[in-house]
Amino acid sequence: MIQPGTEFASVGDDRVAYQVLGDGPRDILYTTGFWSHIDTAWEDPGAARFFRRLASFSRLIRMDRRGTGLSDKASVDGESATEHWLQDCKAVLDAVGSKAPLIVSTNDSGPVVLQFAGRHPERCSGLIFIATTACWATRSDYPEGTLPEVAARFKQLIGHAWGRAEFGAAYTPSQATNPSFLQWFAKYQRAMASPRAVVDNMGELERIDSRPILSRLHVPTLVIARKGQSSGIIPYAQTRYIADQITGAKFVEAPGSDASPFWETPELFLNHIEEFVSGSRHGKEPDRKLATILFTDLVRSTERAARLGDLAWRQLLDRHDRVVQSEIPIHGGRFVESAGDSVLAIFESPGGAIDCAHALKRALGEMGLEVRAGIHTGEVELRDESRVGGMAVHFAARIMALANAGEVLTSHTVHGILLGSCYQFHSRGTNELKGVAGSWPVYAVMDGVSS
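The following refers to the structure shown.

Each value, and the rule that gives it
Residues numbered from 1 in each chain as written. Predicted model: local features only at pLDDT ≥ 70, side-chain atom pairs only at ≥ 80, totals over all residues. Heavy atoms only, no water. Helix = DSSP H or I, 4+ residues; strand = E, 2+ residues; numbered from the N terminus. Phe/Tyr/Trp six-rings, centres within 6.5 Å; stacked < 30°, edge-to-face > 60°. Buried < 20%, exposed > 50% of the residue type's maximum accessible area, 1.4 Å probe, protein only. Lys NZ or Arg CZ within 6 Å of the ring centre and 35° of its normal. Pairing = 2+ DSSP bridges.

Attention shifts here to unusual backbone geometry. Here the phi dihedral of Thr 265 falls at roughly 45 degrees; this positive angle occurs in a residue that is not glycine. Take Thr 265: it is sitting in the loop between β8 (250–254) and α10 (266–278). One non-glycine residue, Arg 300, adopts positive backbone phi at about 55 degrees. One can find Arg 300 in the loop between β9 (287–298) and α11 (301–308).

Structure, rendered in structure tokens:
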């Protein structure tokens, strides 16, 4: 799948990388804490499937704090890594217009997520803790904490094995005999941070005690722990402690021993999360199929509506809709939806979508309407009988946004599929598409066929 584009929020002169995927009714901020790399995670099919499923019922937000992944190294300002995380989180939520997301906390992120919820309670509508902690190191009144000698051994393991297959096997026992996974996971670690930086952050983690915040939380909370969680990372008892201290928290015990939910029983985690977020569960990812997506849009419609007045413009739009819903099935397509003067349809073949776009251009032109179109072929999510979604749909919409009046633009995928066919293409160069990583070739397809 095409991964979401990476954007940057600002904290002073520093930039904080983030990605947004999905358009569900609830915002979810998914965080792993001090270390992450939001680009490299998409290279693993298990992680990609997990994020895609989350985004099927939410607007998913992920970020790299300063000092890790794609974000800038934090400015030297005397603040701790925890303080930088709190600043970065708020900056990202402000940048994407997320007032009060549900926050999913995994790995080492529990203490900093609790600090954020305690400092900005109005910015958090719910919490999900997965195999994480409120306080990692032992305290006199906290026998669940990690003993100093155990913490020292874990930091030694990081210093020696971080960025190697050895650490991946310890972190994800379910994949310990999967060499291709361990090779990727070692690369993922190296992309996140250096061994020394991770050891330094473990020292920061030892100092944080966010337990006092637990009793002050008054938002819906779900806590999931694996009974076999590695005691060298986050012990089961520490995650269970979170649930015991938050009034009304729901606790779920999961099988296995992986520190992450991505690769061992991921559907169990996803089903509980979806039910907690939406009140129901679908039990699987949306069905997907290969299709050609056509987006059309009327050009200068606002000016035309102002000249005609509301009643005449509404009547003209009704005629537009009848033409659209007549032409689409003629060319082998299915009308999906319209929003004002924009139309989305899917086709079995790119040729049918092109022919339909040109037919609409001619028919609507006779009514004095100028139309532009964007076409892309890719996998779409079949969300129900009448709706489709996924990055392929966004890709087609972004291509349409580049078109001028009367122009039909296609992606490089459509151009490649129809190479050598009767359709005549002209390059429109390489373009950046908003919200899609990278630069992409775009082609204009001529009305009629080449000789």
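This part is about the packing of aromatic side chains. In this description, a pair of aromatic rings is defined by centroid distance and the angle of the planes. With the rule as written, the count across this model stands at 26 aromatic pairs. Plain terms: the ring middles of Trp 184 and Phe 185 are 5.9 Å apart, the flat faces sit at 55 degrees to each other, and that makes the pair tilted. Relative accessible area serves as the criterion here: at 11%, Trp 184 is assigned to the buried category. A relative accessible area of 4% means that Phe 185 is categorised as buried. Arranged with centres 6.3 Å apart and planes meeting at 65 degrees, the rings of Trp 184 and Trp 263 form a pair that is edge-to-face. Separated by 79 residues along the polypeptide, Trp 184 in helix α6 (residues 179–192) and Trp 263 in the loop between β8 and α10 bring together distant segments of the chain. Here Trp 184 matches Trp 263 in class, with each residue buried. The positively charged end of Arg 15 is found above the aromatic ring belonging to Phe 8, 3.8 Å away from the centroid. Sitting over the ring of Phe 251, Arg 240 keeps its end group 4.2 Å from the ring centre.

Once that is clear, we can look at the pairing of strand β12 (residues 371–382). Burial analysis of β12 places ten of its twelve residues in the buried class, which makes it a mostly covered element. Pairing of β9 with β12, which is carried by twelve bridges, proceeds in the antiparallel orientation. Bridging across to β12, Asp 287 finds its partner in Leu 382. Bridge count for β12 against strand β14 (residues 408–411) is three bridges, and the pairing is parallel. In the strand pairing of β14, Gly 374 is matched with Leu 409.

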